[in-house]
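# Observations on chain architecture
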Amino acid sequence: ETPKDTLVEGFAIDDIITMDPGEAFELSTAEVTSNSYSLLVRLDMEDTSKVKGDLAESWSVSDDGLTYTFKLKSGMKFASGNPITAEDVAWSFERAVKLDKSPAFILTQFGLTGDNVTEKAKAADAGTFVFTVDKAYAPSFVLNCLTATVASVVDKKLVMEHVKAVTPDAEHKYDNDFGNEWLKTGYAGSGAYKLREWRANEVVVLERNDNYYGDKAKLNRVIYRYMKESAAQRLALEAGDIDIARNLEPGDIDAVSKNADLATTSAPKGTIYYVSLNNKNENLKKPEVQEAFKYLVDYDAIGATLIKGIGEIHQTFLPKGQLGALDENPYKLDVAKAKELLAKAGVPDGFSITMDVRNTQPVTGIAESMQQTLAQAGVKMEIIPGDGKQTLTKYRARTHDMYIGQWGSDYFDPNSNADTFTGNPDNSDAGTVKTLAWRNAWEAPELDKQAKAALLERDAAKRAAIYQDIQKKYLANSPFVFIFQQTEVAGYRKNLKDFKLGPSFDTNFVGPIAKE
Amino acid sequence: MTTLLTVDNLKVSYPTRTGVIEAVRGVSFTLGKERLGIVGESGSGKSQTGRAIMGLTPKHGVVTADRLDFNGIDLIKASTGERRRLRGKRIAMILQDPKYSLDPVMSIGRQICETLRTHEKVGKAEARERALAMLEAVQIRDPKRVFDLHPHEVSGGMGQRAMIAMMLIAGPELLIADEPTSALDVTVQLDVLRIMDRLVAERGMGLIFVSHDLRLVSSFCDRVIVMYAGKIVEELAAADLKHAQHPYTQGLLNCMPEIGSNRHPLPVLDRRPEWAA
Amino acid sequence: MIAALEIDNLSVVYDEFHALKDVSLAVERGESFGLVGESGSGKSTLLRAVAGLAPISSGAIRIDGEALRGSKRSKTFYRRVQMVFQDPYGSLHPRQTIDRLLLEPLAIHDIDDSERRIERALDEVGLGNGFRFRYPHQLSGGQRQRVAIARALIVEPSILLLDEPTSALDASVQAEVLNLLEQIRRDRKLTFVMVSHDLGVVTHMCERLAVMRNGAVVERLSSRELAEGAVHEDYTRNLMIASKGFVKA
Amino acid sequence: MTAPASPSPAMSRREWLLSDRPQSRLQARLGRAYVTWRQFTANRLAVVGLLIIVALLFVAAFANLIATHDPVVGDLRNARLLPPGTAEYLLGTDDQGRDIFSRLIYGSRLTLLVIVLVAVISAPIGLIVGTVSGYAGGWVDATLMRITDIFLAFPKLVLALAFVAALGPGIQNAIIAIAITSWPPYARIARAETLTVRRSDYISAVKLMGASPFRIILRHVMPLCISSLIVRVTLDMAGIILTAAGLGFLGLGAQPPLPEWGAMIASGRRFILDQWWVAAMPGIAILIVSLGFNLLGDGLRDALDPKEAGQ
Amino acid sequence: MSTVETTQEARPRKGRAGAFTKAAGRFLFAAVTTYLGLLAVTFFIGRVVPIDPVLAILGDRAPSHVVERVRQEMGFNLPLYQQFFIYIKGILSGDFGNSVLTTNPVMVDIRRVLPATIELATLGTLIGAFVGVPLGVLAAVRRGSIADQVVRVVGLVGYSVPIFWLALISLVIFYAQLRWVAFPGRIDIVFEYTFTPITGLYLLDSAWQGQWDVFYDVFRHIILPASLLGYFSLAYISRMTRSFMLNELSQEYIVAARAKGLSETRVIWGHALRNAAVPLVTVIALSYAGLLEGSVLTETVFSWPGIGLYITNSLQNADMNAVLGGTIVIGTVFIGINLLSDLLYRTLDPRTRNR
Ligand SMILES: Nc1ncnc2c1ncn2[C@@H]1O[C@H](COP(=O)(O)OP(=O)(O)OP(=O)(O)O)[C@@H](O)[C@H]1O
Ligand SMILES: Nc1ncnc2c1ncn2[C@@H]1O[C@H](COP(=O)(O)OP(=O)(O)OP(=O)(O)O)[C@@H](O)[C@H]1O
Ligand SMILES: [Mg+2]
Ligand SMILES: [Mg+2]
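In this text the structure is predicted, and so the values were computed from the model without any measurement.

What counts, and at which threshold
Residues numbered from 1 in each chain as written. Chains lettered and ligands numbered in written order. Predicted model: local features only at pLDDT ≥ 70, side-chain atom pairs only at ≥ 80, totals over all residues. Heavy atoms only, no water. Helix = DSSP H or I, 4+ residues; strand = E, 2+ residues; numbered from the N terminus. Buried < 20%, exposed > 50% of the residue type's maximum accessible area, 1.4 Å probe, protein only. Contact = heavy atoms within 4.5 Å. Lys, Arg positive; Asp, Glu negative; His and termini not counted. Charge placed at Lys NZ, Arg CZ, Asp CG, Glu CD. Phe/Tyr/Trp six-rings, centres within 6.5 Å; stacked < 30°, edge-to-face > 60°. Lys NZ or Arg CZ within 6 Å of the ring centre and 35° of its normal. Core = buried A, V, L, I, M, F, W, Y, C linked by side-chain atoms within 4.5 Å. Buried area = accessible area lost by both parts, 1.4 Å probe. Salt bridge = Lys/Arg side-chain N within 4 Å of Asp/Glu carboxyl O. Polar contact = N/O pair within 3.5 Å; in protein donor to acceptor, adjacent residues only side chain to side chain. Nonpolar A, V, L, I, M, F, W, Y, C, P; charged D, E, K, R; others polar. UniProt positions renumbered as here; feature names shortened; annotations may be inferred. Near = heavy atom within 4 Å. Areas by Shrake-Rupley, 256 points an atom, 1.4 Å probe, with all protein chains shown as cover. Pairing = 2+ DSSP bridges. Axes fitted to C-alpha atoms, helices over the stretch in contact; angles between N-to-C directions. Patch = residues over 30% accessible without salt bridge, like charges linked within 9 Å, V, L, I, M, F, W, Y side chains within 5 Å.

## Looking at the overall build of chain D
When helices and strands are tallied, chain D shows 12 helices and 0 strands. Along its sequence from the N terminus, chain D presents helices and strands in the succession α-α-α-α-α-α-α-α-α-α-α-α. Here chain D holds 311 residues, and 61% of them are scored as buried. In chain D, 67% of the contacts between residues at least 6 apart in sequence involve partners at least 24 apart. Looking at chain D, you have 27 positive and 19 negative side-chain charges, and the mean spots of the two groups are 9 Å apart.

If you want it as structure tokens, here you go:
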């Protein structure tokens, strides 16, 4: 039995490598950060195509679409007791941009650089923050980006006590590390919970933040316990050793939902699972082959078994819930059709191919299933498994044939996926913009141009229409076979109250959860 | 002379997968407070006879006898516990090679004390005293030092003396010495024999001396039993050795080269099947 | 006349331990020479040094006047000098038949006619052809020693080094082997160097002998002198007394 | 014990084999083999082990005839995770709807492949390194043993893991990794054996014949090491199977859809609570086969290497 | 008396101190070369791993310019020999670098995870030795009996069963079904913040501090994995004990001991086992070392936060500093155990003492 005042979650938190919101870009960190840091604005849980204020009381956009002015709520404090001011917000932006870690591009894509950030993101007064972008972007785009965890507000005063001096060089032009080293495991936020400890691959411990300006958290403590295996999580859940199991697989979900003490809950997430075909491969390059492969996946069987409860068949690149998502699944397993297409492509007897597969479920299962269905059309597929890092290394070097991957949006806006699936400005091996399209050596300049235009479309409905059009074209002609969109499922003990999963990884809030 | 030991029709056999090996096939003799030598060539069953009397035949061996009587105790009927209490206390045995028959990881002194303390209720200090005295009795010059040595630290002769001390400390009435000197150098061999000789005489023990060296046995013992293929072929007084009847005994006597005698070629034994019958 | 085997001031040192200290000997051609002494006195070491199996630190060894260099021995040396070991249980390869065992020297020295030679060698040591395909564990100690002798003889050496060839055998078997050795020596005109701790055996087999103690030769004398008791050293006298058997007090 | 000296025509084949005066090299060899065989068969457990191995060989050879289903293609739609005893599926099906029985049958080939290759690679390396090192002594010995020690200082599985991580997962690489990590003990055994043999009189005797060191090692030392090596290798087979399975379990060994038993356990692990058979069956297969090798090795040790068995 | 009492005294003994320094020197040399080999092999493996180490630090979604920058910072653009040199230099100054995964210095991590493995392996070995030795003795004494066969089969099964499989099955039985043992892990999450370990060996620490509820909890966590490991070492130890005992029981000194009239118990435990103990020490040390590594798979199944799990995790994350550091530490422990067993051997066997 877990203590009454403590929530224990079994969770595969092995992806966490840093707790610094300016640096972290991992899903599990996103959940922790969103529970322990505040943002200017957050996704509106009622309608996820909109945002609502968090620290910001209100905001306005100038007519030219370039200036965003945020009014902060008053009387708020960090967990440390320091007051939250616009100065902290501005410094948080400056810090993220100057650190220039992985997620910084979410901010820098609006024209922010180390040199101009203090101008473009600055505190007008203690309660007003002004943010200036370089183009008249769709406001939905800008605001969606500001819900990303990289825009979390850190406690300037506290962090400044922990900055480490460094010697500036060409890569890092500043004389301090903005507290990055300390914040990797430290905490300087103002969320419902504060981070007490993170031990890699072991545990993350949160404690209630009594200085929180919003609704106070119900429980004293939240513990994320590292557990990788679904079966183990289920066992622990059944035994009452954990309150919530976060990584259940289909079979275990069934068992949990049948257990009288337990319940399950689920929510679709923005993560899409796909199989990509590298255009560097002579056979895979052919459009007929690409289409044939879309007919060689047994979507129904996969949906009914391997991903039952943890995903829904989904054949386009925008996840349901995001602006402009297209909900069309035209492809079915059709070996005859596929054979026809292969014959048209000049490979009637099939060919041999490899697929790099991560050692995790359900991708291994899907890969194995595809291996069987492809074989029916004469395509011999060899699975090359590896752990995540290994397969990724290969994928990023573009030395794979096929790759089964998952993609979660960098921020909750259609542009994130549209950009990575269509953009490829330099298809050479030296290309620096390593989008998914680049990784598969595929160019679609037309679609890319359309996607860029959508960025500047300030009318949300029109913007949605453009994305839908792109997806339709994409569905017919692209080297990506989309398979399903993830549904996040959690099993929990029935004595929990108000436990809900959000639409994205940074909206799984633990603050409201209580125990009976 | 009182009879100490009576052996009548002793048989030792080992059933094996390929058949029964009869190591001893009906040996009978009696022993008083005297020295009895058992000789015979390798494999003739000398050691097996000695061990059967001690009750040390390995588990899978079968020992039978019409009579096996020690000082009125029927050894055949005696329980294992009774026989164990006899061993070391009343019947003792000295083995051939001190290098292998002393426990290599235990000091010599402790091994001697162990015998004593198994059979008598004595304190540590007293046991030590008596062990030292015993070591002195076997003519070890610096008993205190040797007491703490381990077997590998002493020479063969010294080890054999320690072995004798270990076996005699509880004052047995019968001593079986199974080739006690054959692993030793000739010069040392005589020393050890002399010590044994004296102890046996002083304490009035019965002695069974097992050896393959007929000449040595005859010079050391009062009576000699000659064994061949698990049986006794001849029994005679040591003094009568020169008049041995059995061709096997004669052969054993003659085949040894001697200083000064000039027999080329040496006479060899011509084994006859009827000897073993 | 050149000695068959001549040893000059030979020393053998095993990691700082002097197993042989300046030993000198000369063995005439056709002679049988004995070495006696207590255990550890260096008898075996002397033979092994001649055979190139012990580390020689100084001194010289000459075979028929030809000096040997250090511990290195040539193939021709091994056709001239052979050795029989003390323990018949340890000197035959446990996984080889007698046949294979006897074939080995022939193969090494490229001697053809192996069939006949093996048969003859076995015959000579009194083992019929029936023993040819047996393994060592199927032989008695005496038979093994005969095989070892056959193996030594098969390359037709002129000098035979015998390291206590009978000490592991019963007296009756010992007599057989000693007789065999004597006969072979006569037939082949071999030179023997024989080690034993048994004075009886040595005087029986050898014309001359040397007494060793602690790695050095303490006395050299002939068998006749020994038999007559013309002994100078106490140590030798002790040995003599001991070998006479036990004298009751 | 005593067979008649003259070979009578009535002599049975057994007597002929057991004759203590064989008439030819062949008879001697066969006789020796026969005695070993009898010693071996007297150990009932060892015979069980041998039968298991023979069965494994048989199954591997005729996998395509014995298996009832395709080992890699399953019926995801209709036959997923069926329990054992379901019509058609003797041992049930796995999460891809494949017949576990057929997969196990085909998996025997992989198991055999692994152990044979590892044995063929590592045993000779160990034998050569060990005998040369032991016989030569001096700096050769020091150098070779240093290298051996370096490999021994690594935890074996960790080293294999690291190698596989470096070479990339896959059955060939697993084999190479296991082979690289398993020769050092063989070298140690061969060296120890060589050291005791080196000083023995029979090696001195061969030296006295004028044999070259090469000849002595090859023809006199190695044959003596081989029996204890065979015993050890046989016993190690079980360990090799387990290591390969361990690598498979960690996802670093054989890759899907190959029906490697360790990998099968790994993939069945997810269903251990409800569909226990998916993980249990391959585990039992591994247990039986490696038990077979252990029993066989034990019997061989008693028959070939009585001194090791403590007799 | 004209005895030559000691033939072996004639042999001059080497100075004890001289022999000792020589032995120590040889050991030191061996240790150093083994270390260098260890470093070379680990370094080599570390550099050919087909994982981009930068990826491990940054994750998949980092923009290219960030990736390039970090690659240079980490020195991956230098030639291999320079990297090796830097690596050796770091190690010599006691710096194994920082773990990418945990951001801590590797030594700090290892100090945390090593006790977990040590505790597990030690308990496993204790179980193995305390059960295995008596079983082996029993089997040897009753050779050929039913008891012998049973011990033999129990041992053989231990040799033959895949440890991770048995671990899984027993987890299902003892945790999921019977609930006799606690959930995988070392200690219940509740105690994480009420209990401060000192040595890192939780059983000791909790007992020392008198926190018996913690002790009970820790015990419930460790008992299953330790028993499993114990079973494996039991299989090995009982088998070796049996064969050593058979060997000792066939020695002449056993006959002598019986001839002295000692009880069978005394003969077996006081003499035979005492002699068998000499090689047994090595066997137990070997099995201890074996458990240290065998725990890799067990730790995976039992989520035991030990060094095995640490290394496998790091390996999968291309966290080479951690892998190399862990491997070197395990190597050190191996070498240390070997040294220790050697020393024990020397103290137990008087024959080796003054040589
Ligand atoms: N444990 C045993 N199992 C089977 N046979 C045995 C056993 N012990 C002894 N024998 C056999 O018993 C016979 C007599 O052996 P014993 O030891 O009494 O001979 P011995 O006269 O003492 O010979 P030695 O002079 O060599 O010591 C031998 O043939 C031997 O093979
Ligand atoms: N390889 C070796 N290394 C170290 N010392 C050795 C070696 N071989 C022999 N010795 C020592 O050299 C001395 C002489 O040994 P050697 O074998 O020559 O004696 P021996 O006279 O033949 O004795 P025995 O009658 O017991 O055979 C002994 O003290 C022995 O310990
Ligand atoms: Mg005897
Ligand atoms: Mg000698």
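## Let's talk about the packing of aromatic side chains
What describes a pair of aromatic rings is the distance from one ring centre to the other and the angle between the planes of the rings. With the rule as written, the count across this model stands at 46 aromatic pairs over all chains. Their ring planes at 90° and their centres at 5.4 Å tell us that tryptophan 442 of chain A and tyrosine 474 of chain A sit as a pair that is edge-to-face. With tryptophan 442 of chain A in the loop between α16 (436-439) and α17 (445-455) and tyrosine 474 of chain A in helix α18 (residues 460-476), the pair connects residues that are 32 residues apart, well separated along the chain. Ring pairing ties together the aromatic residues Trp59, Phe70, Phe93, Phe110, Phe129, Phe131, Tyr137, Phe141 and Tyr411 of chain A, which thus form one cluster. One cation-aromatic arrangement involves arginine 35 of chain B over phenylalanine 220 of chain B; the distance from NZ or CZ to the ring centre is 5.6 Å.

## Notes on the nonpolar core
Formed by 224 residues in total, the largest nonpolar core has its most connected members in Val275, Phe293, Phe351, Met355 and Met402 of chain A, Phe293 of chain D together with Phe164 of chain E. No other element matches the 19 residues that helix α10 (residues 213-249) of chain D contributes to this core. When neighbours within four sequence positions are excluded, phenylalanine 351 of chain A is seen to be in contact with Asn283, Leu284, Val289, Phe293, Leu342, Gly378, Val379 and Lys380 of chain A. Residues Ala165, Leu175, Ile225 and Cys255 of chain B belong to the second largest nonpolar core, which totals 152 residues.

## Things to note about the interface of chain E and chain D
At the junction of the two partners, chain E supplies 45 residues and chain D supplies 45 residues. When chain E packs against chain D, the two sides together hide about 3,900 Å² of surface, and 74% of this comes from carbon and sulfur. Contact with chain D buries area across many residues of chain E, yet Ser160, Phe164 and Trp165 of chain E alone supply 15% of it, more than any other trio. Summed over the shared surface of chain E and chain D, the number is 2 salt bridges. Linking chain E with chain D are 7 residue pairs in polar contact (both at pLDDT 80 or more), by the criterion used here. Secondary-structure elements contributing two or more residues to the side of chain E that touches chain D are α1 (16-48), α6 (146-160), α7 (163-177), α9 (212-249), α11 (264-302), α12 (307-316) and α13 (320-348) of chain E. It is α1 of chain E that provides the largest number of residues to the side of chain E that touches chain D, a total of 9 residues. In terms of residue class, the side of chain E that touches chain D is made up of 28 nonpolar, 13 polar and 4 charged.

## Overview of the UniProt feature "transmembrane region" (unreviewed entry) in chain E
Listed under "transmembrane region" (unreviewed entry) in the UniProt record, and renumbered for this structure, are residues 23-45, 120-141, 153-176, 218-237, 272-291 and 322-345 of chain E. The span residues 153-176 of chain E is 92% helix and 0% strand, and its two end C-alpha atoms sit 28 Å from each other.

## Re the site of ligand 2
As a matter of local geometry, ligand 2 sits amid 14 residues, with Ser39, Gly40, Lys43, Ser44 and Thr45 of chain C nearest to it. With respect to ligand 2, its neighbouring residues span chains C and E. Tyrosine 14 of chain C places a side-chain nitrogen or oxygen 3.5 Å from a nitrogen atom of ligand 2. Serine 41 of chain C is positioned such that a nitrogen or oxygen atom in its backbone is 3.2 Å from an oxygen atom of ligand 2. If ligand 2 stood free it would expose 640 Å²; the protein chains cover 68% of that surface. The set of elements that each furnish at least two residues to the shell around ligand 2 consists of β2 (17-27) and α1 (43-51) of chain C. The element that contributes the greatest number of residues to the shell around ligand 2 is α1 of chain C, accounting for 3 residues. For the shell around ligand 2, the residue count by class is 3 nonpolar, 7 polar and 4 charged.

## A look at the sheet that holds strand β3 (residues 35-39) of chain B
All names here are of chain B. Strand order in the open sheet formed by 6 strands is β7-β8-β9-β3-β10-β11, and the pairing between neighbours is mixed. Every other strand in the sheet has two partners, leaving β7 (91-94) and β11 (231-237) as the edge strands with one partner each. Taken pair by pair, the neighbouring strands of this sheet meet at an average axis angle of 15°, ignoring direction. As paired elements, β7 and strand β8 (residues 174-178) share 4 bridges and run parallel to each other. Residue pairing across strands places isoleucine 91 opposite leucine 174, the latter belonging to β8. Sitting on the sheet, helix α1 (residues 46-54) is in contact with β3, β7, β8, β9 (206-211) and β10 (223-228), with an inclination near 150° to β8. Contacts between helix α8 (residues 186-203) and the sheet are confined to β3, β7, β8 and β9, with β9 contributing the most and set at about 155° to the helix.

## Focus: the environment of glycine 185 of chain E
Assignment of secondary structure puts glycine 185 of chain E in the loop between α7 and α8 (202-208). For the pair glycine 185 of chain E and histidine 221 of chain E, spaced 36 residues apart in sequence, the C-alpha separation works out to 6.5 Å.

## Focus on the pattern of salt bridges
Pairs can form between side chains of opposite charge whenever their charged atoms are close. Applying the stated criterion to the full structure yields 82 salt bridges over all chains. Taking the shortest distance from any N to any O, the salt bridge between arginine 198 of chain B and glutamate 202 of chain B comes out at 3.0 Å. With a gap of 4 residues between them, arginine 198 of chain B and glutamate 202 of chain B both fall in helix α8, about one helical turn apart. Look at arginine 198 of chain B and you get partly exposed, because its relative accessible area is 30%. By relative accessible area, which is 55% here, glutamate 202 of chain B ends up exposed. For glutamate 31 of chain C, the salt bridge goes to arginine 208 of chain C, with nearest N and O atoms at 2.5 Å. With a gap of 177 residues between them, glutamate 31 of chain C in the loop between β2 and β3 (32-37) and arginine 208 of chain C in strand β9 (residues 208-213) connect regions that are remote in the sequence. Three or more residues joined by partner-sharing salt bridges are found here, namely Glu9, Glu31, Arg246, Lys269 and Glu488 of chain A.

## Regarding a nonpolar patch on the surface
Residues and elements named next belong to chain E. On the surface, Phe27, Leu28, Val32, Leu36, Leu339, Leu340 and Leu343 cluster together into a nonpolar patch covering about 630 Å² of accessible area. Sort the elements by how many residues they give to the nonpolar patch and α1 lands first, with 4 residues. Within the fold, valine 32 resides in helix α1.

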